[in-house]
Protein chains: 2
Amino acid sequence: GEHRAKAERMFSLMDGFLKNDPISLQKDILHHVEYTVARSRFSFDDFEAYQALSHTIRDRLIERWHDTHIFFKRTKPKRLYFLSLEFLMGRSLSNSVINLGIQDQCAEALNQLGFEFEVVAEQEGDAALGNGGLARFSACQMDSLATLDYPAWGYGLRYEYGLFRQIIVDGFQHEQPDYWLNFGNPWEIARIHVTYEVKFYGTVEEVEMNGDKQKIWIPGETVEAVAYDNPIPGYGTRNTINLRLWAAKPSSKFDLEAYNTGDYINSVVNRQRAETISNVLYPDDRSHQGKELRLKQQYFFVSASLQDIMRRFKEEHTNFDELPEKVALHLNDTHPSLSIAEVMRMLVDEEHLNWNKAWDIVCKIFSFTTHTMVAEGLEKIPVDLLGSLLPRHLEILYEINHHFMEELKERIGLDYSRLSQMSIVEEGAVKSIRMANLSIVCSHTVNGVSKLHLETLKTKTFKDFYGLWPEKFQCKTNGVTQRRWIVVSNPSLRDLISKWLGTEAWIRDPDILSGLRDHVDNADFHLEWKMVKRINKMRLAEYIEAMSGVKVSLDAMFDVQVKRIHEYKRQLLNIFGIIHRYNCLKNMDKDSRRKVVPRVCIIGGKAAPGYEMAKKIIKLCHAVAEKINNDTDIGDLLKLVFIPDYNVSVAELVMPGADLSQHLSTAGNEASGTGNMKFLMNGCLLLATEDGSTVEIIEEIGADNLFLFGAKVDEVADLRENGVSNLAPLQNASPLKVPLQFVRILRMVRDGYFGHKDYFKTLCDSVEAANDYYLLGTDFMSYLEAQAAADKTFVNQEKWTRMSILSVAGSGRFSSDRTIQDYAESTWKINPCRCPL
Amino acid sequence: GEHRAKAERMFSLMDGFLKNDPISLQKDILHHVEYTVARSRFSFDDFEAYQALSHTIRDRLIERWHDTHIFFKRTKPKRLYFLSLEFLMGRSLSNSVINLGIQDQCAEALNQLGFEFEVVAEQEGDAALGNGGLARFSACQMDSLATLDYPAWGYGLRYEYGLFRQIIVDGFQHEQPDYWLNFGNPWEIARIHVTYEVKFYGTVEEVEMNGDKQKIWIPGETVEAVAYDNPIPGYGTRNTINLRLWAAKPSSKFDLEAYNTGDYINSVVNRQRAETISNVLYPDDRSHQGKELRLKQQYFFVSASLQDIMRRFKEEHTNFDELPEKVALHLNDTHPSLSIAEVMRMLVDEEHLNWNKAWDIVCKIFSFTTHTMVAEGLEKIPVDLLGSLLPRHLEILYEINHHFMEELKERIGLDYSRLSQMSIVEEGAVKSIRMANLSIVCSHTVNGVSKLHLETLKTKTFKDFYGLWPEKFQCKTNGVTQRRWIVVSNPSLRDLISKWLGTEAWIRDPDILSGLRDHVDNADFHLEWKMVKRINKMRLAEYIEAMSGVKVSLDAMFDVQVKRIHEYKRQLLNIFGIIHRYNCLKNMDKDSRRKVVPRVCIIGGKAAPGYEMAKKIIKLCHAVAEKINNDTDIGDLLKLVFIPDYNVSVAELVMPGADLSQHLSTAGNEASGTGNMKFLMNGCLLLATEDGSTVEIIEEIGADNLFLFGAKVDEVADLRENGVSNLAPLQNASPLKVPLQFVRILRMVRDGYFGHKDYFKTLCDSVEAANDYYLLGTDFMSYLEAQAAADKTFVNQEKWTRMSILSVAGSGRFSSDRTIQDYAESTWKINPCRCPL
Ligand SMILES: Cc1ncc(COP(=O)(O)O)c(C=O)c1O
Ligand SMILES: Cc1ncc(COP(=O)(O)O)c(C=O)c1O
């Protein structure tokens, strides 16, 4: 009665949903200008327009977020919780208006207010809460989860400082902290009352409880986690899921000790430090070995997320037996793997389940994806560190291992070598916990991120585990979302595709892209296709000129290698190739030069701040660029530019504008790679080794449609050891595996042809003869051949365009929609749960 | 043409101003619930209602703020900039809706949504960016400046941690950091683009510039200041002025050094610490001697504010000669006095004015108020510290002093003793800058905060300066705003006053309050007056019970002493008086007890964390309370409660509910006091020494209408030295100045009657015989007599009520409106500038 009357009143006071016609949008924008941004509607600039529009969109996201949330609560589906320490979201505005289906209306609304959508959208800074591939893949997966209506939540950390900004001074990388929140973040909703205490340190005590002995943890330090919700709208659906990021905040908890040192000011300052310490993203994309701070971040994240998840479960269910039917926990690499010990602790210490029962449940809820290719990259946590920071968790880990070892002995006998290899605890100089072994033991599914990767896992990295539990091992090749990587970043291509396919359905159903094959020989299509590429090259050329002052010709082949700088990714091979090209050009007569395809070589990427070799590669790139770009004799025939501060937004600009992209990892080192897929989607041809997911791209589009080179994964070990390939012993029998060209280039660098002789010495050493772990010398000739093939093909624009079309046509398989559907069906066992309109 | 058409379009898209009828308010509240708080309109709690209502009010404040701003920009009046390191604003919601004149509409709107205004308003936390009297006075002045339409801006610091929260455990004070921003702050507008760089450290170099030698400062560290604007609405006017608070934020400035130490994570963490370090309010309300952090805060504040002020001036004017006609800078105590050196630096080093010209201007723009009574309390900054943090400023200070000394020698000759006393530089063990001397030398006006205070300044503290520049010295007795201290905090009294005065005009014109004298003998008025007091006592009694569990009788006299805990404020005298009362009661027979006026003694206040003696006073209060409150023999005849965490909101509750309030500072120690004025406004009788502004209260309401006691300011020095008063040598000739009662009570505490014998020893020592610097012993008998007089009067409720009415009737003079008008006319020379409706 009364309740109902009140509800009706509340309803009557507001219209239904916010309206999306251009006039309503303008009103909302102006309202936000005046009352949120607190400027005047008669005078606001592009950035303020961005803020106002973003808040206008935010309002709409909140509506959908809320409806989705209520719908999930009501229907109680099994939920997936995607746990990842990194999400590389980039910008949100364009993505949101596209997924909400109100892009045109927004553009018109802005237009009528005297603004341009593109310019306004460029005001947004990147949310760069991650390092590279793994982190961007997490973001793509969130987009797919939302679009495919899966009842999923993401959990992560709200670093105050995202990935450092790269600044180049005199060709050297410098790192600037990225305080991305300085200008506000309209894309998050602060949930000031959703907070949890996270505990650290302290001791473990044994108590009697109902006659049983029970361990309890008496923690020594408390930090509070507060939730920030980031709505993730799906495309073509009302579903808008949540990415919940945790921030550390000062605990309002009674904590007398901390302040009663007599020196109030210093106590507060020290405390403040403890609380904000979890707020810097670690800038290493490959390893996180044994840093206390990093461990603190991991547990802070794990503890807050699991408290939240368990609270939600317990609100709806009373029996933990139901947990595996209602909750799937996904470990995105081993960074969140402390979750396993934490859930055990919660079930055993707090919910008083017995160990075996708890373990049974835990083994049914976790799945795990490893992104690591080589055993040395696997995360280990020193026992000393863990025992001090999380004493109870260490005990639990020991107990898990004890049970596992017992079981193992029964199954494989007393094979001590294998037992010690498979043990979760690594004995040795620094006794450590092997996070991957823990994750494999406990997860019902262990996923590799490409077929090649899975094969390596089965046959090498986790051979013994595969022998034990073959059914656990699955391949889920990574993917990327065509919403961001075509629709947002390449609107011209989007229109072209839709026009020729006669539908936009590919935006939700990427397999439809294969329909482009029907038009692969259509001349009109070719013409339009080339025009789109040219438009995108123009945008990229403008950016290059603005960033580096180098003017580039649109007729040149835009050849791009953008990704984190790593020895295994072999940017050095690219640079050596460029030096080679330069040498060739210098030695050519005018006539020969006229036949040369002009090149713009574009390199971009960040080096981890402590990774000296990677930083030297960046400097070498600049040194070579300086030489080449200032050589008037060479002119437009060859340019080399380094694009600083490579991030998601730069990628969105670079990929559509690239003709050729390079993926040069020594075979067997790149677990999947996703950059290759993004270039593929943008009709850029690949020049690549047969590594990671490229192998599947070859399967999909055929080896003719990309430029392959280099040693194959099976040859690498032999090549390293013997300097010969086991596969082609006759061809490659010469003990002098390094070609003369390579040696000569190496000598040029060594001798200071590009200056900085001393500085480059160790870099040169690292690829010299027997030191050449990543086989640059070995692969060099093959690399040059592939480059020559690319040059040759580029002259034949019809062939090139055909290959480009077929690349896009084959890219559907590399949509994260496919990845996610696969995960949902065969790993997480979750079903779509579509919120009604 | 086009411009006009666009403006019309912008206009037509939104209605004019936001509407304030209850239905419009409800719609806005629900809108904010859904889209700002991101909750559902069907389910939100009191706190969320507070957030939504606050945002609704904020929208309206922004409108007015904006119009006022534009109006000032257009009319270009001379502006006052009020510089203060502390503002004790308390809560904002009630104050805002009252000043906006929409209290009833808001209450009705909430009501219809199922909420109560009072309950919702209680959700707000205090903004406690200050320590005590000085800080709350700053807040009162902002309210008066807005109400009186003055073109003024306040500048301050946005401490992330306000004044610590006081928590009592076992009777001991513990300090908890007050992270007041944890739950968001709707009352501020982040001006993310209004930022300035603030520099520290470094060196000074001499350069040639147009043939002249010029000093320039090469700073070593940069921090960024970002503006947060807090709209301050006037009452009965559209004028809404700005309180701009600065927060430190990470500088996005190119600062390679800081990050190229190789250890990126640690660099960021250290940097973060440097940036947040300015964000803790120092919890000492009386002295800030030589702490680097504090100095950093001061300069951070000064630099950001002056950059902002100068930018604004330069936008409108080109000639610095106009500065004194357009800008008044007020130094609220010496905390912002580095401004003097900073303006000199800006004019000389940056604007290239010559020294004398610059000095001439500077001397015309600064005014200064000192809140300090005793010379030892004056702020000094060690030269070493200043020279390292602000090397160029130190040079400038030396030069200012050099010129001043030269001038002084001409005027007073080579009187080295006087010269060294008046010098801005103090030689001695720690060579220091005397901030008060600096401020006096440079300011055109030096203000005391009460007549008594000014007298002391003239005759003692700044005697020599007064001799030199008598015209500079002015008295501006402090005041408090009746909007907060009656209208917000005591709505029943507000209604009663308006009813009997027949007008609400006193809310803008406090002198009208004297009209209450016409009804001072009206019996109906008395009845209603007593009823109002009883209602307020009821509220207070409920609070006391909730906080301390002690039930108190409404028939008892509520006797309150709330203020910072200080030896000079003599809470100990109060406690000794209570012990005395307890002893008397214990010794009484039943009959005599029946005639005793029951008392509820209420003490509240924070002790600076490092102030041991003050902390012992708090503990003693609890120890005595424990004894008394648990003595069933005494029952309701005497209760003692300590109200923890005294702050503005507690004051708003306590003052209306008090019958009697105590202001016990040893004469000559309290420069003004404002607590006394607030109690006065709430019809609470004062029991006080003749100190600070109490002297003027006596002038205004007559000595009969309050309970006075104790040594007068002229007697104190002699009493201290000789144990006798110079004024009454005959009466007080006994060398045994300390009465037996006092000695006995002291002995009880010493002997452990209240426990904690060892802990209280130093406290007892401090008031023993010759140590008794604050003359507790000397004043004790007189104090008891005043207490007896209060008891006696309380029995005569008619007389008491009369006195109470006359207190309120005389409180108009103590409105900050009067203070501000006085400052505006005789110090700042600014005129009202009323924004049209
Ligand atoms: C809304 C608004 N208007 C105007 C201004 C500029 O005002 P001023 O130049 O007086 O600082 C600001 C900056 O504070 C602002 O935020
Ligand atoms: C919270 C607070 N602290 C301190 C003071 C200053 O009180 P007094 O002037 O009695 O020292 C006041 C003034 O009322 C106040 O509100």
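Position labels on residues start from 1 in each chain and follow its written sequence. Written order decides the labels, with chains lettered from A and ligands numbered from 1. Residues qualify for local features only when their pLDDT is at least 70, as the model is predicted, and side-chain atom pairs are given and counted only at 80 or more; totals for whole chains, interfaces and linings, by contrast, use all residues. Only heavy atoms go into the side-chain values, all of them from the structure, while hydrogens and water stay out.

Novice: Just to check I follow, could you spell out the overall build of chain A for this structure?
Specialist: Numbering of helices and strands starts at the N terminus; helices are DSSP runs of H or I of at least 4 residues and strands are runs of E of at least 2. Looking only at helices and strands, chain A features 34 helices and 24 strands. Over its C-alpha trace chain A gives a radius of gyration of 28 Å, about what one expects of a compact globule, namely 28 Å for 837 residues. When the backbone C-alpha atoms are referred to their principal axes, chain A occupies close to 90 × 75 × 60 Å. Residue exposure (1.4 Å probe, protein chains only): buried if accessible area is under 20% of the type maximum, exposed if over 50%, otherwise partly exposed. Burial statistics for chain A: of 837 residues in total, 64% are counted as buried. It only takes one pair of heavy atoms within 4.5 Å for two residues to be counted as in contact. Here the contacts in chain A between residues at least 6 apart in sequence split such that 77% fall between residues at least 24 apart. In short, Shrake-Rupley with a 1.4 Å probe defines the accessible areas, and a residue's cover is counted only from the protein chains shown. Carbon together with sulfur atoms contributes 50% to the accessible area of chain A, which is approximately 30400 Å² in total. Within chain A, the 114 negative side-chain charges are centred at a point lying 2 Å from the centre of the 98 positive side-chain charges. Put simply, the radius of gyration uses C-alpha atoms, and a globule should come to 2.2 Å times the residue count raised to 0.38. Only four residue types enter the tally: Lys and Arg on the positive side, Asp and Glu on the negative side, with His and both chain ends excluded. A charge is said to be at NZ when it belongs to Lys, at CZ for Arg, at CG for Asp and at CD for Glu.

Novice: Would you mind going over the site of ligand 2 with me for this structure?
Specialist: Residues and elements named next belong to chain B. Definition of nearness: a residue and a molecule or strand are near each other if at least one heavy atom of the residue lies within 4 Å of the molecule or strand. By nearness alone, 14 residues border ligand 2, and Lys-563, Lys-569, Thr-674, Gly-675 and Lys-678 come closest of all. The term polar contact refers here to a pair of N or O atoms within 3.5 Å; inside protein, the definition further demands a hydrogen-donor-capable atom paired with an acceptor-capable atom, and it admits residues adjacent in sequence only when both atoms are side-chain atoms. Between ligand 2 and the protein, one listed contact pairs an oxygen atom with a backbone N or O atom of Thr-674 at 2.8 Å. Take Gly-675: an N or O atom from its main chain is 2.9 Å from an oxygen atom of ligand 2. Contact with the protein chains covers 96% of the free accessible surface of ligand 2, which is 400 Å². For the shell around ligand 2, the secondary structure elements donating two or more residues are helix 26 (648–657) and helix 27 (675–681). At three residues, the largest contribution of residues to the shell around ligand 2 is made by helix 26.

Novice: What should I look at first to understand the site of ligand 1 in this one?
Specialist: All residues in the neighbourhood of ligand 1 are listed as Ala-38 and Arg-39 of chain A together with Trp-65, His-66, His-69, Lys-73, Arg-191, Val-194, Arg-244, Arg-311, Arg-312 and Glu-315 of chain B. Looking at what sits near ligand 1, you find residues from chains A and B. A distance of 2.9 Å is found between an oxygen atom of ligand 1 and a side-chain nitrogen or oxygen belonging to Arg-191 of chain B. For ligand 1, whose unbound accessible area comes to 390 Å², protein coverage reaches 89%. Elements that contribute at least two residues to the shell around ligand 1 include exactly helix 3 (46–75), strand 7 (189–200) and helix 10 (292–316) of chain B. Of all the elements, helix 3 of chain B adds the most residues to the shell around ligand 1, at four residues. Under the scheme applied, nonpolar residues are Ala, Val, Leu, Ile, Met, Phe, Trp, Tyr, Cys and Pro; charged residues are Asp, Glu, Lys and Arg; polar residues are all the others, including Gly. The residue inventory of the shell around ligand 1, partitioned by class, reads three nonpolar, two polar and seven charged. Each domain's limits were defined by an automated method or a database of domain assignments. Structurally, the shell around ligand 1 is a two-domain feature, drawing no fewer than three residues from each of domain 1 (15–75 + 92–125) and domain 2 (79–90 + 131–478) of chain B.

Novice: Looking at this model, I keep getting lost on the relation of the copies chain B and chain A. Mind explaining?
Specialist: The operation relating the two chain copies consists of a rotation about an axis and a shift along that axis. Residues reaching a pLDDT of at least 70 in both copies supply the C-alpha atoms on which the copies are superposed by least squares. Aligned on chain A, chain B shows an RMSD of 0.1 Å; the corresponding rotation is 180° and the shift along the axis is 0.0 Å. Interpreted geometrically, this transformation is the action of a two-fold axis.

Novice: Any chance you could explain the confidence of the model for chain A here in plain terms?
Specialist: Note: predicted coordinates in regions of low pLDDT should not be interpreted at a detailed level. Overall, the prediction assigns chain A a mean pLDDT of 93, with 96% of residues at 70 or greater. The predictor attaches a confidence to each residue, and that confidence, scored 0 to 100, is pLDDT. Counted against residues more than four places away or in other chains, residues 727–736 of chain A, with its pLDDT under 50, gives six contacts.

Novice: For this particular structure, what's the right way to read helix 2 (residues 22–35) of chain B?
Specialist: One full turn of an α-helix is made of 3.6 residues, so residues set three or four places apart face in the same direction. What a helix should span is 1.5 Å times the count of its residues minus one. With 14 residues, helix 2 of chain B extends 20 Å from end C-alpha to end C-alpha; this agrees with the ideal 20 Å at 1.5 Å per step. With 11 of 14 residues buried, helix 2 of chain B is to be regarded as a mostly interior element. For helix 2 of chain B, the full list of buried residues reads Pro-22, Ser-24, Leu-25, Gln-26, Asp-28, Ile-29, Leu-30, His-32, Val-33, Glu-34 and Tyr-35 of chain B. Considering only its buried residues, helix 2 of chain B is in contact with helix 1 (2–13) and helix 3 (46–75) of chain A together with helix 3 and helix 5 (103–112) of chain B.

Novice: I'm lost on the sheet that holds strand 23 (residues 685–688) of chain B in this one. Help?
Specialist: Strand pairing in a sheet relies on backbone hydrogen bonds. The paired strands run either parallel or antiparallel. Residue and element names in this part refer to chain B. Pairing within the open sheet is parallel, and its six strands lie in the order 21-20-19-22-23-24. The open sheet has two free edges, formed respectively by strand 21 (638–643) and strand 24 (707–708), since each of these has just one partner strand. Pairing between strands requires that DSSP locate at least two bridges from one strand to the other. Strand direction decides the pairing type here: strand 19 (residues 557–562) and strand 20 (residues 599–604), joined by six bridges, are parallel. In the sheet register, Asp-559 faces strand 20, and the bridge partner there is Cys-601. Fitted lines through C-alpha atoms serve as axes, helices being fitted only where they are in contact, and the angles separating the N-to-C directions of these axes extend from 0 to 180 degrees. The strands that helix 23 (residues 571–587) touches are strand 19, strand 20, strand 21 and strand 22 (660–663); relative to strand 20, the one it contacts most, it runs at about 155°. In the packing of helix 33 (residues 797–809) onto the sheet, contacts are made with strand 19, strand 22, strand 23 and strand 24, and the angle to strand 23 comes to roughly 90°.

Novice: How should the interface of chain B and chain A be read in this particular structure?
Specialist: Many descriptions give the size of an interface as the accessible area lost when the pieces come together. Every contact between the two is made by 75 residues of chain B and, on the other side, 75 residues of chain A. Summed over both partners, buried area is the accessible surface (1.4 Å probe) that two parts give up on being assembled. Both faces considered, chain B and chain A share a buried interface measuring about 7000 Å² in area, 63% of it formed by carbon and sulfur atoms. In terms of surface lost to chain A, no three residues of chain B exceed Met-14, Tyr-35 and Tyr-264 of chain B, which account for 11% of the buried area on that side. Within this document, salt bridges are pairs made up of a side-chain nitrogen of Lys or Arg and a carboxyl oxygen of Asp or Glu, the two lying within 4 Å of each other. At the boundary of chain B with chain A, the tally comes to zero salt bridges.

Novice: Quick question: what am I supposed to make of the domain arrangement of chain A here?
Specialist: All names here are of chain A. Assigned domains of chain A: these are domain 1 (76–91 + 126–257 + 293–478 + 822–828) and domain 2 (556–795). Taking the mean C-alpha position of each, domain 1 and domain 2 sit 36 Å from one another. Contact with domain 1, which involves 27 residues of that partner, is made by 35 residues of domain 2. In total, about 2500 Å² of surface goes out of reach between domain 1 and domain 2, with carbon and sulfur atoms giving 57% of it. One can count two salt bridges joining domain 1 with domain 2. Among the ionic pairs, Lys-451 bridges to Glu-699, the shortest N-O distance being 3.1 Å. For the side of domain 1 that touches domain 2, the elements supplying multiple residues, two or more each, are strand 2 (87–90), helix 7 (133–147), strand 5 (162–169), strand 6 (172–178) and helix 18 (451–461). For the side of domain 1 that touches domain 2, the element with the highest residue contribution is strand 5, accounting for five residues. Considering only residue class, the side of domain 1 that touches domain 2 consists of nine nonpolar, 11 polar and seven charged.

Novice: Looking at this model, I keep getting lost on the pattern of salt bridges. Mind explaining?
Specialist: A pair can form between side chains of opposite charge whenever their charged atoms are brought close. For the structure shown, the criterion picks out 118 salt bridges over all chains. With a shortest N-O distance of 2.9 Å, Arg-238 of chain B and Asp-67 of chain B are connected by a salt bridge. With a gap of 171 residues between them, Arg-238 of chain B in the loop between strand 10 (221–233) and strand 11 (240–249) and Asp-67 of chain B in helix 3 connect regions that are remote in the sequence. A residue is classified by how much of its surface remains accessible, and Arg-238 of chain B, at 9% relative accessible area, is buried. One salt bridge in this structure joins Asp-415 of chain B and Arg-418 of chain B, with 3.3 Å as the shortest N-O distance. Residue classification places Asp-415 of chain B among the partly exposed positions, given a relative accessible area of 29%. Relative accessible area serves as the criterion here: at 30%, Arg-418 of chain B is assigned to the partly exposed category. Among the charged side chains, a salt-bridge network with shared partners connects Lys-73, Arg-191, Asp-229, Arg-244, Asp-308, Arg-311, Arg-312 and Glu-315 of chain A.

Novice: Please explain the environment of Ser-498 of chain B as it appears in this structure.
Specialist: Residues and elements named next belong to chain B. Structurally, Ser-498 is set in helix 21 (residues 491–501). Taking the relative accessible area as the measure of exposure, Ser-498 reaches 10% and is therefore buried. C-alpha separation for the pair Ser-498 and Pro-391, spaced 107 residues apart in sequence, amounts to 58 Å. If near-sequence neighbours (up to four positions away) are discounted, Ser-498 is found in contact with Thr-503, Glu-504 and Trp-506.

Novice: Is there a simple way to explain the side chain of Ser-553 of chain A in this structure?
Specialist: Residues and elements named next belong to chain A. Inspection of the secondary structure puts Ser-553 in the loop between helix 22 (523–548) and strand 19 (557–562). For Ser-553, a relative accessible area of 18% gives the class buried. Here the side chain of Ser-553 touches Asp-555 through a polar contact of 3.0 Å, landing on its backbone nitrogen.

Novice: Could you clarify how one ought to interpret the sheet that holds strand 16 (residues 432–434) of chain A in this entry?
Specialist: Residue and element names in this part refer to chain A. With antiparallel pairing, the three strands of this open sheet are ordered in space as 14-16-15. Looking along the sheet, the strands with just one partner apiece sit at the ends: strand 14 (380–382) and strand 15 (425–426). When strand 14 meets strand 16, the two strands line up antiparallel, connected through three bridges. Following the sheet pairing, Ile-381 is matched in strand 16 by Ile-433. Across the sheet, helix 17 (residues 435–442) is in contact with strand 14 and strand 16; its angle to strand 16 comes to roughly 45°.

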